[in-house]
Amino acid sequence: MASALRPTAQLPGDHDVTGIRTMSTPIAPRCALVLETNNLRGGDAAHNAVLESLQRAVAALAAQTVPLTALAQLIVTHDGLSETACAALSGIAGRPVTFVRIAPTTGYYEAKNSGFAATDPALCDYVIFADADCLPAADWLAELLLPFSTQPQLAAVAGRTSYAATLVGTALTTLDFMYFPSPLQPQATRNFYANNVVFRREIFAAHAYQPLDGVYRAHCQVLGLHLQACGIAVHYAPRAHTVHKLPDTRGEALQLRWWRGQDTLGLTPHLVKAYLPASLHWLARSGPVGPLCVLASRLWFSARALNTQDLPPVRGLRRGAALALIAAFSAVDMLGSLAAGLGWRRRRADAQALSYHHS
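The rules behind each value
- Residues numbered from 1 in each chain as written.
- Predicted model: local features only at pLDDT ≥ 70, side-chain atom pairs only at ≥ 80, totals over all residues.
- Heavy atoms only, no water.
- Helix = DSSP H or I, 4+ residues; strand = E, 2+ residues; numbered from the N terminus.
- Contact = heavy atoms within 4.5 Å.
- Core = buried A, V, L, I, M, F, W, Y, C linked by side-chain atoms within 4.5 Å.
- Buried < 20%, exposed > 50% of the residue type's maximum accessible area, 1.4 Å probe, protein only.
- Salt bridge = Lys/Arg side-chain N within 4 Å of Asp/Glu carboxyl O.
- Disulfide = S-S within 2.5 Å.
- Polar contact = N/O pair within 3.5 Å; in protein donor to acceptor, adjacent residues only side chain to side chain.

A. Geometry of the environment of R348. Mapped onto the fold, R348 is located in the segment after α10 (316-341). Once the C-alpha coordinates of R348 and G231 are considered, the two residues, 117 residues apart in sequence, prove to be 30 Å apart. If sequence neighbours within four positions are ignored, R348 has contacts with T105, T106, G107, E110, D213 and G214.

Structural data, given as structure tokens:
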């Protein structure tokens, strides 16, 4: 599997990072932005902590170089915000907001599908997906939409997601947010993340996120493989950067690693089918063996990706510490994968949530 994949740190332009640019985005008036809040429902935080986090996320979006008022729609999915809270959020956004109430058992990707269903096909030809636990750069929206200005035939554009540029965040970014170049087009990626992507409406309507029982957060990876199999390229826009928050507590950060490892069991059959010859497809039915092989390959790629993901480089002892953290986090992932392969696996894993509140 290693020979089939190479990190997109090598994509053209990936290291060409300049200052913020103000640019026109003619497709903005035909865009809807869907903001889900599932990652704010975890932990023991009081309602006001959830609302404060959501307000901060909306404020960051309102401060974009392409204003929210330029979009056709802004949609927020939620578990039960009060009318007062909704009014406050609309005020911060500076525009009307469509609020979509979801059930507490609604999964992360199902919430995104619900937000998409609330977009108006008469107004929106493009749908942007973002997360309330991510804080985008000021030019994130402009950079995400820019490729459509020069390549109107594009089906989808994925931005770059990372954790904060701390030592731990840098190490974890190599594990959770790698990108791999697609053979379909130059500057295209095989994979994307659901917190930083825009689709042509008809493309997402035809494919959307599909249920994956027992999988926490790998649905977007599966959709990326599916789109590649259909010959649909996802353009990669590294300047469209958003920062994903780490879980609120160390215990939840450890839980995330365990769940990420367990996700490998559900993801492995899709990877095997996409990248390995038929003679090795038995790995998809090998219990923990196939997932452990996937994680071993990922460890190798992650070590190579260090200092190639547009984060401040780590040198000397800090680089050694980062590599040690990558190995340690990978070991926890492998334990979670082993447990899942032996039958210890959750149902409706995508409905579970950790806490990612902005402080």
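B. View of the nonpolar core. With 45 residues, the main nonpolar core has F129, F192, F199, F204, Y209 and L227 as its most contacted residues. A total of four residues in this core trace back to one element, the largest contributor, which is helix α3 (residues 108-117). Non-local contacts of F204, meaning those with residues more than four positions away in its chain, are made with N113, F116, F129, F199, Y209 and L223. Of all hydrophobic cores here, the second largest spans 37 residues; its members include L35, V76, W140 and L154.

C. Examining the pattern of salt bridges more closely. Enumeration over the complete set of coordinates arrives at nine salt bridges. D125 serves as the salt-bridge partner of R30, at 3.3 Å between the closest nitrogen and oxygen. Of this pair, R30 sits in the segment before β1 (31-36) while D125 sits in the loop between α3 and β4 (126-131), and the two are 95 residues apart along the sequence. R30 gets classed as partly exposed once you look at its relative accessible area, which sits at 34%.

D. How the structure looks around the state of the cysteines. Applying the stated criterion across every chain yields a total of zero disulfides. Here C220 is not disulfide-linked; the sulfur of C134 is the nearest cysteine sulfur, at 11 Å.

E. Structural context of the side chain of R257. Within the secondary structure layout, R257 lies in helix α8 (residues 250-275). At 2.8 Å, the side chain of R257 forms a polar contact with the side chain of D176. When neighbours within four sequence positions are excluded, R257 is seen to be in contact with L172, L175, D176, R298, F329, V332 and D333.

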